[in-house]
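# A look at the structure
Chain residues, written in single-letter form:
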Amino acid sequence: MRIAFSIWVICLALLSSFVIWESRSGLPINGDLLELLPSDAPQNSWKQQAKKQIAEDVQNRVLLVLSHEEKAFLLSVTSKLLENLKQAGLTKETPEIHSNLNKSTLFENLQLYRSGLLDVETRILLKSGQINDVLQQTMAQLINPFSILSANTVYHDPLLLKARWLQQLNADQKNWNNENGIPFLMKDGKYHALLEFQLSGSAFAPEIQQNLLPLIEQFEAQYIDLDLHRLGAIFYTYEGIEQGKGEATILGSISLIGVLFLVLISFRSAYPIFYALIAIYTGLVSGIAIVLFIHEQIYAFTLVFGVAILGVTVDYCFHYGSTIFVKNIGTTTERHHAVNKAMRLGMLSSVVGFFCFFFLPFPGLKQIGLFAITGLVGSYLTVGYVIPHLDRMKTKSPSGPLFILSNRLILFWQRHSKGHKPALILGGAIIAFILFIPNLHVNDDIRKMQSLSESLQRQEQHIQTLLSTNSSHQFFIVEGQNTQDVLESEEVFKPVLENMLYRGYLTNYMMVSEFFPSIRQQLEDQQLIQEAFENVDWSAYPLLTKTAYQDSLGQLLTPKNVLDKRLVEQVNKQILTQDATTSGAAHIIRLDGVTDIRKIQDLMRISEMPNVTFVDPAGDISASFAFYREKIVHLLGITLLLVTWLLAFKYGKRHSWRIVLPVAIAILLTPVLLSSFGHGFSFFTAVGLILVFALGMDYALFAAESSDEHYPISIYANGLSAISSALAFGLLVFSNHYALHTFGLTVLIGVTIAFVLAPLARTSRENI
């Protein structure tokens, strides 16, 4: 035993040193959910590149709207806030007018390219031979005493192409004005000023959050009569972190106090707590060290789920500690021998289940499997060969209400688990499953899993109302052989987008060809103007000239000849860059106010445009959750069959199925019971079922492996484990976070069923 203890100390020291060394600059945690996808997924395809490009733009963008009755005061304090943001180094670039507000300024040099820039209405009129109607409209505006048109402007642009083009681009933002670089408008008796900027760092970076949030709060406290609304991922992230901290503090404290109280009143000693901490620490360090050694980084999801799985090792500590209540077991060697066989079988059954994860093409599940197997083996070796060396507990007599309830549970199953009754119980569970199955429904939609601050949602709605926009995360990708091919495809696709607007599927869109029409389109427009001018009686328009567009013919607008590079920067956010995994060119079409994703997808299926792809990032994540959920369910089924087959070598075919029966019933009934309570079967339900499997198998194996003398104490220890699991995981049902709430409720229901049914695994000693 001493040799094993010495080896354990050396290994733990080496593993701990490795983790500390790898964490010298912070534990290398990867929180990117997309990287959990199959390793053969085209991570660098146009679609993945577009998702990343838009995510970076959206996540790090901040909009602030300040409101006050006095315009001068509002613009003054807005400028001051802008200066404070710049001085704090929080802005990546100087905040400017909202992207839809600055088009007039950005197109000051359009005069030279005016003949190639026709708005949709003018193009239709010219194609239908109604050029005289357009010229008459120009003349009417020119002679109007209130018109701001000059004779020189009309002389060089008789069709007012530049004005019509700008009006088309600015149709959605015509109410906004600009003063000293700050956009503002008057609405509902107040002036509203807008600041929009990109953060100098990630919205998820603690240092950015700790600088921006206090600055805004201090500004609000300084100007209490000023209304300030905010919009940005950083605010939702901060609120979520603060909410999580609060829940962790409250629920964690209740759980810790509950477990401490449970141990103290059950064992009348604090030693089991000390042993459990040692076992969990060993498993945690072992799992992290091996994962970092092989993968060099650990997924955040692996860490969270792995720590939950290591909670199974508390069972081992409870069962080892409960041997102090068994008569004729006095030495640590005898205590170890009394529980080691069941611990080993429980550990191996869990290892078999997690080993199946290696056969899936998901890096996330493979890493979870590696972490869980390494951690469970490390914890098992600690409880089996190290804790006995440290054990200082004395033999005691069991007492308390939990011991009484455990005995009553034993008596109940002794009367109802003989003969064919276990099969009848299984049949009853199947009938219950069939009765409840109509209520079973899945929920993989990540949009329904979010718990967002109502205050921030109201502020977001206020800002979107002022901007007459409703930003959506969905978008289109248009692919082509080269840039001009993509621009031409966008122009062909435009009627489809207009159809979606007409049907109310979305409220707005923005594409590169709006700013820079294809060369083919510009040449066609110039040719259209030349042909239309040939049919005009210019004598009827003495103030206009046939050669007005002569200087612009052949001049083509491209990003290279735009004087103001701010527009180019804005458009570049919608242009994807070719890399080793892509060929040709691709652009993003941004969408606003998407109201019906399914109908957009249906319309795309009949649009016959294979080079245009509709992308719904949230939908893709939801689909990944669904795929994971299905795979986990399949793995659970395979694992149950495999464990049953392996147990048959020890217990025989006749009795091995009884060991697995309690766990199978728990896994079968938990989802349908959840659905009956209004909770859909989600990915996080499936994750919870993995823990139910691990805990349930331990309960069943300890019941099956115990001697007749030790059996009541094993059920007692199972009860302690079930209560501790309820305190550790069941309290998560009070969390506002959907994933934690669902996970906690699943474990609470599943563990309760598994504990109550665990005595079904008991077989007569002569059959073991």
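Before reading further, recall that the structure is shown in the block above.
Note that the coordinates shown come from a computational prediction; the quantities given were computed from them, not determined experimentally.

Our focus in this paragraph is the sheet that holds strand E3 (residues 177–179). Hydrogen bonds between backbone groups are what pair the strands of a sheet, and the pairing can be parallel or antiparallel. Read across the open sheet, the five strands follow the order E3-E4-E5-E2-E6; overall the sheet is antiparallel. With one partner strand each, in any of the chains shown, E3 and strand E6 (227–231) form the two edges of the open sheet. Strand after strand, the sheet turns through a mean of 30° between neighbouring axes, direction not considered. Pairing of strand E4 (residues 182–187) with strand E5 (residues 190–198), which is carried by four bridges, proceeds in the antiparallel orientation.

Interaxial distance between helix H1 (residues 2–22) and helix H11 (residues 271–295) falls to 9 Å at its minimum, and their mutual angle equals 55°. Relative to H11, the element H1 is oriented oblique. Of the two elements, H1 crosses H11, and the hand of that crossing is left-handed. Across the interface between the two elements, Trp8, Leu12, Leu15, Ser16, Phe18, Val19 and Glu22 from H1 touch Ile278, Tyr281, Thr282, Val285, Ser286, Ile288, Ala289, Leu292 and Phe293 from H11. Tallied by class, residues from the contact of H1 with H11 come to 12 nonpolar, three polar and one charged.

Right, let's get into the pattern of salt bridges. Under the criterion given, the structure shown has 18 salt bridges. Note that lysine 190 is salt-bridged to aspartate 227, the shortest N-O span being 2.4 Å. Of this pair, lysine 190 sits in strand E5 while aspartate 227 sits in strand E6, placing them 37 residues apart in sequence. Residues joined in a network through salt bridges with shared partners are Asp57, Arg61, Glu196, Lys573 and Arg590.

Turning our eyes to something else, we now look at unusual backbone geometry. One non-glycine residue, arginine 268, lies in positive phi territory at about 50°. Residue arginine 268 is classed as partly exposed on the basis of its relative accessible area of 39%. Of note, the phi angle at glutamate 608 is positive, near 55°, even though the residue is not glycine. In this fold, glutamate 608 is placed in the loop between helix H24 (597–605) and strand E11 (612–615).

Let us now look at the packing of aromatic side chains. We describe a pair of aromatic rings using the distance from one ring centre to the other and the angle between the two ring planes. For the structure shown, the criterion picks out 21 aromatic pairs. Plain terms: the ring middles of phenylalanine 533 and tyrosine 549 are 5.7 Å apart, the flat faces sit at 55° to each other, and that makes the pair tilted. Here phenylalanine 533, found in helix H22 (residues 519–533), pairs with tyrosine 549, found in the loop between H22 and helix H23 (565–572); they are 16 residues apart in sequence, far enough to count as distant. When its relative accessible area of 3% is taken as the criterion, tyrosine 549 is described as buried. Ring centres of phenylalanine 625 and phenylalanine 683 lie 5.2 Å apart, and the angle between their planes is 15°; this geometry places the pair in the stacked category. Here phenylalanine 683 lies in helix H27 (residues 683–705) and phenylalanine 625 lies in helix H25 (residues 617–651), a separation of 58 residues in the sequence. For the pair shown, phenylalanine 625 and phenylalanine 683 are each scored as buried. A connected cluster of aromatic rings, assembled from ring pairs, spans Phe267, Phe318, Phe325, Phe403 and Tyr716. Directly above the aromatic system of phenylalanine 681 lies the positively charged group of arginine 629, at a separation of 5.9 Å from the ring centroid.

About the cut-offs
In this numbering scheme, every chain counts its residues from 1 along its sequence in written order. Restriction of local features to residues with pLDDT of at least 70 applies here, the model being predicted, together with a cutoff of 80 or more for giving and counting side-chain atom pairs; totals for whole chains, interfaces and linings are based on all residues. Here the side-chain values reflect all heavy atoms present in the structure, with hydrogen atoms and water set aside. For two strands to be treated as a pair, DSSP must find no fewer than two bridges joining them. Each helix corresponds to a stretch of at least 4 residues labelled H or I by DSSP, and each strand to a stretch of at least 2 residues labelled E; elements are numbered beginning at the N terminus. Axis lines are fitted through C-alpha atoms, for helices just across the contact stretch, and the angle between N-to-C directions can take any value from 0 to 180 degrees. Each angle receives one of four descriptions, namely roughly parallel if under 35 degrees, roughly antiparallel if over 145, roughly perpendicular if within 65 to 115, and oblique otherwise. Note on convention: the crossing is left-handed when the near helix lies turned anticlockwise from the far helix by less than a right angle, right-handed when the turn is clockwise. The contact criterion used throughout is that any non-hydrogen atoms of two residues lie within 4.5 Å. Throughout this entry, Asp, Glu, Lys and Arg are counted as charged residues, while Ala, Val, Leu, Ile, Met, Phe, Trp, Tyr, Cys and Pro are counted as nonpolar. The remaining residues, Gly among them, count as polar. For salt bridges, the criterion is a side-chain nitrogen of Lys or Arg within 4 Å of an Asp or Glu carboxyl oxygen. Summary of the burial criterion: residues with accessible area below 20% of their type's maximum are buried, those above 50% are exposed, and those between are partly exposed, where the area comes from a 1.4 Å probe applied to protein chains only. What counts as a ring pair is set by centres within 6.5 Å for rings of Phe, Tyr and Trp (its six-membered ring), and what kind of pair is set by the plane angle: stacked under 30 degrees, edge-to-face over 60, tilted for all other angles. Two thresholds decide whether a charge sits over a ring: the Lys NZ or Arg CZ must be within 6 Å of the ring centre and within 35 degrees of the ring normal.

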